[in-house]
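Results of the structural survey
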Amino acid sequence: MNFYKNKTIFYYPLFALGFRPFFMLAGLSGLILIPLWNAILKGTLATENYYTSTYWHAHEMLLGYGGAVIAGFLLTAVKNWTGKPTLTGDKLAGLCLLWLYGRIVPFYSGLLPDILIALIDLAFLPLLAYHVTKPIVETKQYRNLIFTGLLLLLTLGNILVHCEMLGFKTNTAWFGLQLIVDTVIVLILVMAGRVFPFFTERGLPGTLAIRNPQLDNGSIASAILVFGLQMLGVSGTFLALSAVLAVIINSARIAGWYIQKIWYVPLLWVLYVGYGWIIFGFALTALSAYSMVQPSLPLHAFTLGGIGTLTLGMMARVALGHTGRALRASNAIAVAFVLINVAVFFRVVLPIAMPDWYQTLIYGSTLAWLAAFSLFIFVYGPILTGQRIDGQEG
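What about the overall build of the protein?
The secondary structure content of the protein amounts to 12 helices and zero strands. Relative to the globule expectation of 21 Å for 394 residues, the C-alpha radius of gyration of the protein, 20 Å, shows essentially globular dimensions. For the C-alpha atoms alone, the extent of the protein along its principal axes is close to 60 × 60 × 40 Å. Counting only residues that meet the buried cut, the protein has 57% of its 394 residues in that class. Only carbon and sulfur atoms are counted for the fraction: they give 67% of the accessible area of the protein, which is about 17,200 Å². Side-chain charges of the protein comprise 22 positive and 13 negative groups, with the mean position of each set lying 13 Å from the other.

And the structure:
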């Protein structure tokens, strides 16, 4: 059994690098939060909560599950980009505990002051931003400060949520949650330009993914335009045309990276399908601008489809690469990738054609999601808690 040389009390592998504990926490939260939400929604679990039930569900999926994935990815990626160490050992465990406290203390709103609950949750993202920014500044890789900016935007969205929960403001929580969704999607679009071509070329040796900086910038700008119009309350033709523009630009962007052979590589096709759900979200946004579909459908195309599918695929690939394993998904994880897309299909696509079956479709989507994350924990639990198979640190 190996321990850090600073005699940390924590077993070495789990706290060797940011992706390990945070991907584990993300997987467990993905498995726990959905049935807990269903129990709260149906009234089978009555409990004190700092948040209202709907806000709790949205907040925890975005900043609980999503926040853990973002933390694990950035703490790992920044080490690669800068060559500087990021959090390990006790300090990494402390950041994980802060994330965990943020998930637990809302259920003690009758015992703890609401302002303390808010401060515990609000502390996580700025602290993560500090630990991400420090090595970037030290190595003068200033272009990567975009991720600091995005983390601060997520913090702003979180502040808006807590302002309403604390009674400081009214009607700010939903605006804050929308800002969080939009920021996470923009973060994904930024990262896609960096990792999709690289992952495609690594996964399919001998291929060349076309990089187009104009399309990279256009995809992000078009997304910001759509999200900005929505937050300003603009609908109708202007929003629809902006959303169609986002569909066209993002489709052209991903077409440059696309190679038909990706369908033989689950670690690749899951990322492309996840991006496809984001594009579909923009298409549904155009339809919702004319009230042709419910606003919840494009929202869940972005969240359940784009964020859920892409984060599961990214966690699977990053964990393999950074534990010295071959970049090849097991059959169980390939099934998990299919299941999470089944969950999106049941939640986003089928309700359009079968609105009378909505509740049944939600139930089917929930089961598929839980099955996907059960497989992830089963396969990746030993990988995330075990040592690298090549004997290196990390």
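A word on the nonpolar core
Within the largest apolar cluster, 134 residues are counted, with the highest numbers of intra-cluster contacts made by Phe22, Phe196 and Tyr380. Leave out the neighbours within four places in its chain, and phenylalanine 196 touches Met191, Ile254, Trp257, Leu271, Tyr272, Tyr275 and Leu310.

Things to note about the confidence of the model for the protein
Chain-level statistics for the protein give a pLDDT mean of 93 and a share of 97% at 70 or above. Across residues 1-10, confidence stays below pLDDT 50; counting only partners more than four residues off in sequence or on other chains, it has 20 contacts.

Here we look at unusual backbone geometry
The phi angle at lysine 140 is positive, at roughly 60°, despite the residue not being glycine. On the secondary structure map, lysine 140 appears in the loop between α4 (114-138) and α5 (146-165). For lysine 140, a relative accessible area of 62% translates into the label exposed. Positive phi, close to 60°, is recorded for asparagine 171, a residue that is not glycine. With respect to the secondary-structure elements, asparagine 171 resides in the loop between α5 and α6 (173-203).

Focus on the environment of serine 330
Within the secondary structure layout, serine 330 lies in the loop between α10 (296-321) and α11 (331-353). Using a relative accessible area of 30% as the deciding quantity, one classes serine 330 as partly exposed. Each C-alpha atom of the pair serine 330 and glycine 102 lies 33 Å from the other, and the pair is 228 residues apart in sequence.

Some words on the packing of helix α1 (residues 19-42) against helix α12 (residues 358-385)
Interaxial distance between α1 and α12 falls to 9 Å at its minimum, and their mutual angle equals 155°. As the angle between them shows, α1 and α12 are arranged roughly antiparallel. For the element pair α1 and α12, the recorded crossing hand is left-handed. For the pair α1 and α12, the contacting residues are Phe19, Arg20, Phe23, Met24, Gly27, Leu28, Gly30, Leu31, Ile34, Pro35 and Asn38 in the first and Thr366, Trp369, Leu370, Phe373, Ser374, Phe376, Ile377, Gly381, Ile383, Leu384 and Thr385 in the second. A class-by-class count of the residues in the contact of α1 with α12 yields 14 nonpolar, seven polar and one charged.

Quick look at α10
In this model α10 runs 36 Å from its N-terminal to its C-terminal C-alpha over 26 residues, within 8% of the 38 Å that 1.5 Å per residue would give. For α10, a buried count of 23 out of 26 residues is recorded, marking the element as mostly surrounded by other parts of the structure.

Re the packing of aromatic side chains
According to the stated counting rule, one finds 20 aromatic pairs in the structure shown. With a centroid separation of 6.1 Å and an interplanar angle of 85°, the aromatic rings of tryptophan 269 and phenylalanine 337 are classed as edge-to-face. With tryptophan 269 in helix α9 (residues 266-288) and phenylalanine 337 in helix α11, this residue pair connects regions lying 68 residues apart in the sequence. A relative accessible area of 0% places phenylalanine 337 in the buried class. The lysine or arginine in question, arginine 194, covers the ring of tryptophan 81, its NZ or CZ lying 5.2 Å from the ring centre. The ring centre of phenylalanine 199 lies 3.6 Å from the NZ or CZ of arginine 317, which sits over that ring.

Re the pattern of salt bridges
According to the stated counting rule, one finds five salt bridges in the structure shown. Measuring nitrogen to oxygen at the nearest pair gives 2.4 Å for the salt bridge that ties arginine 103 to glutamate 60. With a gap of 43 residues between them, arginine 103 in helix α3 (residues 89-104) and glutamate 60 in helix α2 (residues 53-82) connect regions that are remote in the sequence. Look at arginine 103 and you get buried, because its relative accessible area is 11%. A single network of salt bridges, built from pairs that share partners, joins Glu60, Arg103 and Asp121.

Some points on the side chain of threonine 303
Residue placement: threonine 303 occurs in helix α10. Residue classification places threonine 303 among the buried positions, given a relative accessible area of 18%. Other than its neighbours up to four places away in sequence, threonine 303 contacts Leu62, Val181 and Gly308.

Quick word on the environment of valine 195
One can find valine 195 in helix α6. Residue classification places valine 195 among the buried residues on the basis of a relative accessible area of 9%. Taking the C-alpha atoms as reference points, valine 195 and methionine 314, separated by 119 residues in sequence, lie 9.8 Å from one another.

Rules behind the numbers
- Residues numbered from 1 in each chain as written.
- Predicted model: local features only at pLDDT ≥ 70, side-chain atom pairs only at ≥ 80, totals over all residues.
- Heavy atoms only, no water.
- Helix = DSSP H or I, 4+ residues; strand = E, 2+ residues; numbered from the N terminus.
- Rg over C-alpha atoms; globule rule 2.2 N^0.38 Å.
- Buried < 20%, exposed > 50% of the residue type's maximum accessible area, 1.4 Å probe, protein only.
- Areas by Shrake-Rupley, 256 points an atom, 1.4 Å probe, with all protein chains shown as cover.
- Lys, Arg positive; Asp, Glu negative; His and termini not counted.
- Charge placed at Lys NZ, Arg CZ, Asp CG, Glu CD.
- Core = buried A, V, L, I, M, F, W, Y, C linked by side-chain atoms within 4.5 Å.
- Contact = heavy atoms within 4.5 Å.
- pLDDT = per-residue confidence, 0-100.
- Axes fitted to C-alpha atoms, helices over the stretch in contact; angles between N-to-C directions.
- Parallel < 35°, antiparallel > 145°, perpendicular 65-115°, else oblique.
- Left-handed = near helix turned anticlockwise from the far one by under 90°.
- Nonpolar A, V, L, I, M, F, W, Y, C, P; charged D, E, K, R; others polar.
- Expected span 1.5 Å × (residues − 1).
- Phe/Tyr/Trp six-rings, centres within 6.5 Å; stacked < 30°, edge-to-face > 60°.
- Lys NZ or Arg CZ within 6 Å of the ring centre and 35° of its normal.
- Salt bridge = Lys/Arg side-chain N within 4 Å of Asp/Glu carboxyl O.

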